[in-house]
Amino acid sequence: SRMLLIGEYNVNRNRTPGGTNDPVRILQSTDGTTWSTLYTFNQGTHHTRHIHAVRYDPRSERIYFALGDSTSELGIIGWDGTSPWPSTRRRHVV
């Protein structure tokens, strides 16, 4: 089945790391009209400022999420689209 994914780019200048104004979501849809949250970063602990890219690699059959900006936030998460969401502690693993 077809899955559309969008990564948020939170630019809130008044963010408190891990606070209520810090979430960064990955949203999913099957029709492009109705969206739901696949995963939310920064709930209680800050992991990333925003998602830079969401790409599907047909060769590996994995979806890759590029995170950023500072050294402690940089990373790429690889996901097969069906397994439980990978741990954010392993975000440098591709």
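Treat the numbers as computed from the prediction; the structure is a model and nothing was measured.

Each value, and the rule that gives it
- Residues numbered from 1 in each chain as written.
- Predicted model: local features only at pLDDT ≥ 70, side-chain atom pairs only at ≥ 80, totals over all residues.
- Heavy atoms only, no water.
- pLDDT = per-residue confidence, 0-100.
- Contact = heavy atoms within 4.5 Å.
- Helix = DSSP H or I, 4+ residues; strand = E, 2+ residues; numbered from the N terminus.
- Phe/Tyr/Trp six-rings, centres within 6.5 Å; stacked < 30°, edge-to-face > 60°.
- Buried < 20%, exposed > 50% of the residue type's maximum accessible area, 1.4 Å probe, protein only.

Asks: Tell me about the confidence of the model for the protein chain, and please be specific about residues and values.
Replies: Put simply, the protein chain has an average pLDDT of 86, and 91% of its residues get 70 or more. Confidence drops under a pLDDT of 50 for residues 89–94, and excluding neighbours within four residues, the segment shows 16 contacts in the predicted structure.

Asks: Outline unusual backbone geometry, supporting the account with residue identities and numerical values.
Replies: Positive phi is not limited to glycine here, since Asn-42 has a value of about 70°. One can find Asn-42 in the loop between β3 (36–41) and β4 (50–57). Not every positive phi belongs to a glycine, and Glu-61 is a case in point at roughly 60°. Locating Glu-61 in the fold gives a position in the loop between β4 and β5 (62–68).

Asks: Mind laying out the packing of aromatic side chains, listing which residues take part and the relevant values?
Replies: Summed over all chains, the structure comprises six aromatic pairs. Judged by centre distance (4.8 Å) and plane angle (80°), the rings of Tyr-39 and Phe-41 are edge-to-face. Ring geometry for Tyr-39 versus Trp-85: centroids 5.0 Å apart, planes at 20°, classification stacked. Here Tyr-39 is found in strand β3, whereas its partner Trp-85 is found in the segment after β6 (75–79), with 46 residues between them in sequence. Using a relative accessible area of 22% as the deciding quantity, one classes Tyr-39 as partly exposed. Taken together, Tyr-39, Phe-41, Phe-65, Trp-79 and Trp-85 form an aromatic cluster joined through their ring pairs.

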